[in-house]
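# Overview (structure and organization)
The lines below spell out each chain.
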Amino acid sequence: MKPAEQFVINGGRPLRGSVAISGAKNAVVALLPAVILADEPCTIENVPDIRDVTISLQILSELGAIIVKRSEGTYEIDATQIKDCCVPYDLARKMRASYYFMGALLGRFGQARVSMPGGCPLGDRPIDQHLKAFRKLGAACRVDRGMVDITSAGLKGDRIFFDVVTVGATMNAILAAVKAEGTTIIENAAKEPHIVDLASFLNSMGADIRGAGTDTIKIRGVQYLRSTSYSVIPDQIEAGTYMVAAAATKGDVTLTNVIPKHLESIISVMEKIGVGVEQFDDSVRVYYDKPLVKTSIKTRPHPGFPTDMQPQISALLCLADGTSMIMEGVSEQRFQYVDELRRMGADIQVDGKVAVIEGTGTLSGAPVKACDLRAGAALMIAGLAATGITYIEDIYHIERGYADMEGKLRALGADIHKEPIDPSGDEVRSNRSICG
Ligand code: EPZ
């Protein structure tokens, strides 16, 4: 077993240069299961090298798909020989997005058996709306010993109205409906860019999906989905994370391979905080322009400010003088990272879904732990901006969703490296917290 590792960051150095943004995690974790619906082999490009992709490919392979890595980030996948409809528990539990295999297997075979998604530090994350969608299409769903068992005698299109705006259930409804008999109308649908990407991918194979990106999506079932070669959209949240890191370190960074339109709400908030932003066709330049301005922000479903950017922007606002406020409008609980930022000198009070940040202008390095993917990103940003050294443990969370973050940051001038954690880390860690 490989010893646990930590990132070690010597902060206070401005990030300068350019960074290429990778393919979108929250798109590719739906596109890979979607290949199960294809009647011919497919090629997917711009696939990010992240752990969630590794797990998705392992599940596809376990189900019987033939996967050939054509080059870095390009995979040819032949899922036509898949016969198995059960996703192994030991793999499914490693990744919440394994629930997309429910919709894909149901859409292809009329049945699926996938484990309930694991718990998550973001609070209660039910899948009732996913199951509601499947039932509306004629499937029976039951939970049996931690597995979701879905069966049907053939899916028929229907009207699906979501009680809450949900990315996952919207994606799963599309996956299940694309080959169902008749027409499906999804109302109160999520509108994230990765939903449009899934629809575009399926339409490139011959599906008939209209309205993705709006709150009403119309799907006419088709019999056959042909081969395609498709490139994953750039990751809106990875891009936002590097934008914040540039501002937090008083740097000047150009992000390449982005779709500026996907970044509109993030750019708007960054400019409100006083950060300089220049937009080009497929790149964005972010630079520290003047002292950061305290700001109040509420996270919302797309096109609002993304919840997946909430921890990162909180770290930035710790560096703005004055009182800022963050209201979490999507996730149930998304402030667990605050305790770790407090270890770095942050002054943040949390009351339910609201955090009040007393910006102190500075942060100090400390030993901290990532509790989830975006919390880890926020601690990376705080460490880059802090004076002194920050040690970040549980970095597997970060590596789930950010391709080569260490290498990309080092190329921008960050003093960062990865090292194994000393097994007797506890007293070493506590010594560090005393010595700073
Ligand atoms: C997706 O999660 C993303 N994950 C999350 O990104 C992201 O935070 C979230 O969407 C919101 O944008 C992937 O795409 C793999 P939801 P998901 O269904 O689909 C409630 C990251 O950091 N809800 O849109 O699980 C739910 O409780 C990750 O990349 C129900 O009530 O989110 C939540 O409050 C973290 N019933 C709200 O809807 C359901 O059946 C939004 O959840 C489903 C959801």
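For the structure, check the block above.
Computed from a predicted structure; not experimentally measured.

## Examining the side chain of K179
Along the chain, K179 turns up in the loop between α6 (167-177) and β10 (183-187). Here L37 takes part through its backbone oxygen, which lies 2.8 Å from a polar atom of the side chain of K179. Side-chain polar atoms of K179 contact the side chain of D39, separated by 2.8 Å. Apart from residues lying up to four places away in sequence, K179 is in contact with L37, D39, G107, G221, V222, Q223, Y224 and L225.

## As for the environment of I77
As for its position among the elements, I77 is in strand β5 (residues 74-78). When the C-alpha positions of I77 and L60 are compared, they lie 8.9 Å apart, and in sequence the two are 17 residues distant. Apart from residues no more than four positions distant in its own chain, I77 is found in contact with L32, V35, P41, C42, L57, L60, A65, I66 and I67.

## Re the sheet that holds strand β11 (residues 208-210)
Consider a sheet: its strands pair through backbone hydrogen bonds, and that pairing is either parallel or antiparallel. Read across the sheet, 4 strands follow the order β9-β10-β12-β11 without closing on themselves; strand pairing throughout is mixed. Looking along the sheet, the strands with just one partner apiece sit at the ends: β9 (159-161) and β11. For this sheet the average axis-to-axis angle between neighbouring strands, irrespective of direction, equals 15°. Pairing analysis gives 3 bridges linking β9 to β10, with the strands arranged parallel. Paired with I160 across the bridge in β10 is I186.

## Some points on the site of the ligand
Close to the ligand lie 27 residues, the nearest being D128, Q129, T166, V167 and D308. The contact in question runs from an oxygen atom of the ligand to an N or O atom on the side chain of K25, over 3.1 Å. In this structure, R374 approaches the ligand through a side-chain N or O atom, which is 2.9 Å from an oxygen atom. Considered on its own, the ligand offers 820 Å² of accessible surface; in the complex 89% of this is hidden by protein.

Cut-off values and rules
Residues numbered from 1 in each chain as written. Predicted model: local features only at pLDDT ≥ 70, side-chain atom pairs only at ≥ 80, totals over all residues. Heavy atoms only, no water. Helix = DSSP H or I, 4+ residues; strand = E, 2+ residues; numbered from the N terminus. Polar contact = N/O pair within 3.5 Å; in protein donor to acceptor, adjacent residues only side chain to side chain. Contact = heavy atoms within 4.5 Å. Pairing = 2+ DSSP bridges. Axes fitted to C-alpha atoms, helices over the stretch in contact; angles between N-to-C directions. Near = heavy atom within 4 Å. Areas by Shrake-Rupley, 256 points an atom, 1.4 Å probe, with all protein chains shown as cover.

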